[in-house]
There are 4 protein chains.
Amino acid sequence: MRDKLLEAAGFTFSKFGYYKTSMEDIAEKAQKSKGSLYYHFGSKELLFEAVVFEELKRLTNALKPIFDKTDLDSRQVLKLYMLKRMEVLRNAPNYQETLRPSFYEHYTFLDQIKTQITEWEVMQISKLLKQGLMKEELELPGDITVYAQVLVMLLQGLEPNFYLKGEYDRLESYFDNLIQIITKGISK
Amino acid sequence: MRDKLLEAAGFTFSKFGYYKTSMEDIAEKAQKSKGSLYYHFGSKELLFEAVVFEELKRLTNALKPIFDKTDLDSRQVLKLYMLKRMEVLRNAPNYQETLRPSFYEHYTFLDQIKTQITEWEVMQISKLLKQGLMKEELELPGDITVYAQVLVMLLQGLEPNFYLKGEYDRLESYFDNLIQIITKGISK
Amino acid sequence: MRDKLLEAAGFTFSKFGYYKTSMEDIAEKAQKSKGSLYYHFGSKELLFEAVVFEELKRLTNALKPIFDKTDLDSRQVLKLYMLKRMEVLRNAPNYQETLRPSFYEHYTFLDQIKTQITEWEVMQISKLLKQGLMKEELELPGDITVYAQVLVMLLQGLEPNFYLKGEYDRLESYFDNLIQIITKGISK
Amino acid sequence: MRDKLLEAAGFTFSKFGYYKTSMEDIAEKAQKSKGSLYYHFGSKELLFEAVVFEELKRLTNALKPIFDKTDLDSRQVLKLYMLKRMEVLRNAPNYQETLRPSFYEHYTFLDQIKTQITEWEVMQISKLLKQGLMKEELELPGDITVYAQVLVMLLQGLEPNFYLKGEYDRLESYFDNLIQIITKGISK
DNA sequence: GATGAATGAGTTTTCATTCAT
DNA sequence: TATGAATGAAAACTCATTCAT
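- An unreviewed UniProt entry lists chain A under the name Transcriptional regulator, TetR family, with Croceitalea dokdonensis DOKDO 023 given as the organism.

Here is the structure:
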């Protein structure tokens, strides 16, 4: 039951956004009563938190295995990572909603989660870049962590553009060009 | 008077976001009546549209002169463009909100404006890249317009990250690294 | 100028009704400013009063001559009167608006005018019926004034039905049947 | 609860009219919250529609039995019908408002209901007149349906006059005279 | 666990009216 | 005379939340 509600909430939030989605909308989508939403989640904010939390769990679970492929060329791994990331987030649209600064003000919980994930990503990318440097596949003057942060930021930044309704397929091909530029930009 | 209202609206929208800002809030900030907002702008949507339109006018006004510097290295111009763009949009926080998927879904009234500006940017960048190719400063296999679109998308995508309250200064230095990667990524 | 405003007001009130018509609507229709409406008429209520007053003036002016045709058969005069009345009121649509009980509560001025006109009509019809009785054209057991009042009330009652947009032409033919029934109903 | 709201709405609408009645007024009368009005009826328009619908249901329920009295003289039945109709509608003041031209113009949501009832009435009267013709009680040259329509229109038209606050009792006696005229007017 | 009903605070919007120019 | 701007009170409506059953 909880799952059914969570799914309906995820779908509806991603379709209309946090503010334009009413508890009524979600209850209707789930074919359940508004009351049950409150029974299971307590409030609209907590329901949204649960939705986002679920999506982020999927994100990290999907990305973890990629960084274990230490045998591949680091540029290759980076490419795989970028593609996988886009793919997973395509199915985690509510995470997007939290990107807005003003949203944070009242949602420190989400802020914390997001910071954690970002740090984890930066760390993984840093490791990858270091390996690439050691294997002399890459050329990165200066602080590696900064490059890692730039890359993560860049990927995070692309997200909104990618999830505009129906734009994903059209933009996917552009993504190849972007990967190409970056790969070349960091190569030795 | 209209300007005073517009300014108050811009400030308040950017602080709380479109949904969390009430006409009441704006009227209070402007020290004017709610009625005058409706007299001048007709509705909340149209007021927001006016705010965003104002911000984007500033963007194009600031960027135009840069593309006229045809004597510089194309990579140099691109760099100037990217820096100026970030700087201007730093003060165009409401434009940001319109990029969010959930906003996009429900408020199509800004589509025209946004599409126009994006197209203008892509065209300018395309020209620039073409010049760079002719001067043999750049190397870009495939369709140039796609590269231009990728670059604009990338810059648009970075915006949310850059305008997190108070984060601009910290991220500014990262931007240099990004520019460096890209510049190298498209160089011959 | 006053006349131009009055005409625009009459048109707009009759189209949307008193409450659904805003001063804005009227000003727009007249291509004048709202301010001028207040300059000339003082308030929405007073403007409406002026409109109705104008219409009623036309009504009585148009009906007066009919009652002077003492040479005709009284049933013939009644028929002429009924037809003329419908025709004139077709062009006095705002008078309709005042028919509603709740409308009166705050508009005693209109109440008075209407009562006066009704009394005048009843008196005219009474005279006519009396003549008809004397000429032995009619048969009316009981108080003649009551018959006159019934006839006026009946005609007043038909008004709303007749002024439904576009219904006038369709209903006009029915009116003939009604006149026939009544004429026969009061004939000797 | 719904019924309590409906009753309060009916009372208040009939007292002040549709426009002068606010949802606040109704909620106060019912000693309930505005929210509950919207929970049960969705909007002011739909609430009003429900009120009128209720009134018209009473009308048809009261009139049905009368048309079954086929043993009586058709003029007698017509008389009963007219009297009953007036009596019932005396307590259906909100239906009245919907007959005003200006109301009609903007609120088409009641069209269906009204048209249905009117058609039902015309049909019943038509049948009655036909029976009267066959029994040679009546004399009606031309299309019978038109006579039926005229009669219904006439009765509908009288309604506003009859329901002027407190005027019913005075006018009731006039109604007898009207019935007499009509009865004679259609008799053989 | 689940629900339908109810609520009230807050939001957008309307509009008659005023007034300086 | 005429107007554009401004106002504020009141209106319709939304919706997260509560709660008895």
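Having seen the structure, we can now continue with the description.
### Focus: the protein's contact with DNA strand E
Phase 1 of the analysis: Around DNA strand E lies a shell of 30 residues, among which H40 of chain A, Y38 of chain C together with M1, Y39 and H40 of chain D are the nearest.
Phase 2 of the analysis: At the protein interface, 63% of the atoms of DNA strand E within 4 Å belong to sugar or phosphate.
Phase 3 of the analysis: Measuring from a sugar or linking oxygen of DNA strand E, one finds a side-chain N or O atom of Y39 of chain A at 3.2 Å.
Phase 4 of the analysis: Interatomic distance of 3.2 Å between a side-chain N/O atom of K34 of chain C and a base oxygen of DNA strand E.
Phase 5 of the analysis: When the residues that make up the surface near DNA strand E are grouped by side-chain class, the tally is 8 nonpolar, 14 polar and 8 charged.

### Some points on the UniProt feature "domain: HTH tetR-type" (unreviewed entry) in chain A
Phase 1 of the analysis: Within the UniProt annotation, "domain: HTH tetR-type" (unreviewed entry) is assigned to residues 1-59 of chain A.
Phase 2 of the analysis: As a span, residues 1-59 of chain A carries 80% helix and 0% strand, and end to end its C-alpha atoms are 23 Å apart.

### A short note on the environment of Y81 of chain A
Residue and element names in this part refer to chain A.
Phase 1 of the analysis: Among the structural elements, Y81 can be located in helix 5 (residues 74-90).
Phase 2 of the analysis: Overall, the relative accessible area of 0% leaves Y81 in the buried class.
Phase 3 of the analysis: Note: C-alpha distance between Y81 and P65 (16 residues apart in sequence) is 9.6 Å.
Phase 4 of the analysis: Once residues within four sequence positions are removed from consideration, Y81 is found in contact with L63, I66, F67, E121, I125, V152 and L155.

### As for the packing of helix 1 (residues 2-16) of chain A against helix 4 (residues 44-63) of chain A
Residue and element names in this part refer to chain A.
Phase 1 of the analysis: Close contact between helix 1 and helix 4 brings their axes to 10 Å; oriented N to C, the two are set at 90°. On the basis of the axis angle, helix 1 is roughly perpendicular to helix 4. The segment helix 1 lies against helix 4, with L6, A9, G10 and F13 engaging K44, L47, F48, A50, V51 and E54.
Phase 2 of the analysis: Along the lines of polarity and charge, the residues of the contact of helix 1 with helix 4 split into 7 nonpolar, 1 polar and 2 charged.

### Structural notes on the packing of aromatic side chains
Phase 1 of the analysis: Tallied over the entire structure, the rule returns 26 aromatic pairs over all chains.
Phase 2 of the analysis: Centre to centre, the rings of F13 of chain B and F48 of chain B are 4.9 Å apart; their planes meet at 85°, and the pair counts as edge-to-face. Residue F13 of chain B is found in helix 1 (residues 2-16), and its partner F48 of chain B is found in helix 4 (residues 44-67); the two are separated by 35 residues along the sequence. Take F13 of chain B and F48 of chain B: they sit in the same class, and that class is buried.
Phase 3 of the analysis: Geometrically, the ring pair formed by Y18 of chain C and F48 of chain C is edge-to-face, given 5.0 Å between the ring centres and 70° between the ring planes. In this pair, Y18 of chain C sits in helix 1 (residues 2-20) while F48 of chain C sits in helix 4 (residues 44-67), placing the two residues 30 residues apart along the sequence. Just as Y18 of chain C is buried, F48 of chain C falls in that class too.

### As for the protein's contact with DNA strand F
Phase 1 of the analysis: Neighbouring DNA strand F are 30 residues; Y38 of chain A, M1, Y39 and H40 of chain B together with H40 of chain C lie closest to it.
Phase 2 of the analysis: The sugar and phosphate moieties of DNA strand F supply 68% of its atoms located within 4 Å of the protein.
Phase 3 of the analysis: Between DNA strand F and the protein, one listed contact pairs a phosphate oxygen with a backbone N or O atom of K44 of chain A at 3.0 Å.
Phase 4 of the analysis: M23 of chain D is positioned with one of its backbone polar atoms (N or O) 3.0 Å from a phosphate oxygen of DNA strand F.
Phase 5 of the analysis: Grouping the constituent residues of the surface near DNA strand F by class yields 8 nonpolar, 14 polar and 8 charged.

What counts as what
Residues numbered from 1 in each chain as written. Chains lettered and ligands numbered in written order. Predicted model: local features only at pLDDT ≥ 70, side-chain atom pairs only at ≥ 80, totals over all residues. Heavy atoms only, no water. Near = heavy atom within 4 Å. Polar contact = N/O pair within 3.5 Å; in protein donor to acceptor, adjacent residues only side chain to side chain. Nonpolar A, V, L, I, M, F, W, Y, C, P; charged D, E, K, R; others polar. UniProt positions renumbered as here; feature names shortened; annotations may be inferred. Helix = DSSP H or I, 4+ residues; strand = E, 2+ residues; numbered from the N terminus. Buried < 20%, exposed > 50% of the residue type's maximum accessible area, 1.4 Å probe, protein only. Contact = heavy atoms within 4.5 Å. Axes fitted to C-alpha atoms, helices over the stretch in contact; angles between N-to-C directions. Parallel < 35°, antiparallel > 145°, perpendicular 65-115°, else oblique. Phe/Tyr/Trp six-rings, centres within 6.5 Å; stacked < 30°, edge-to-face > 60°.

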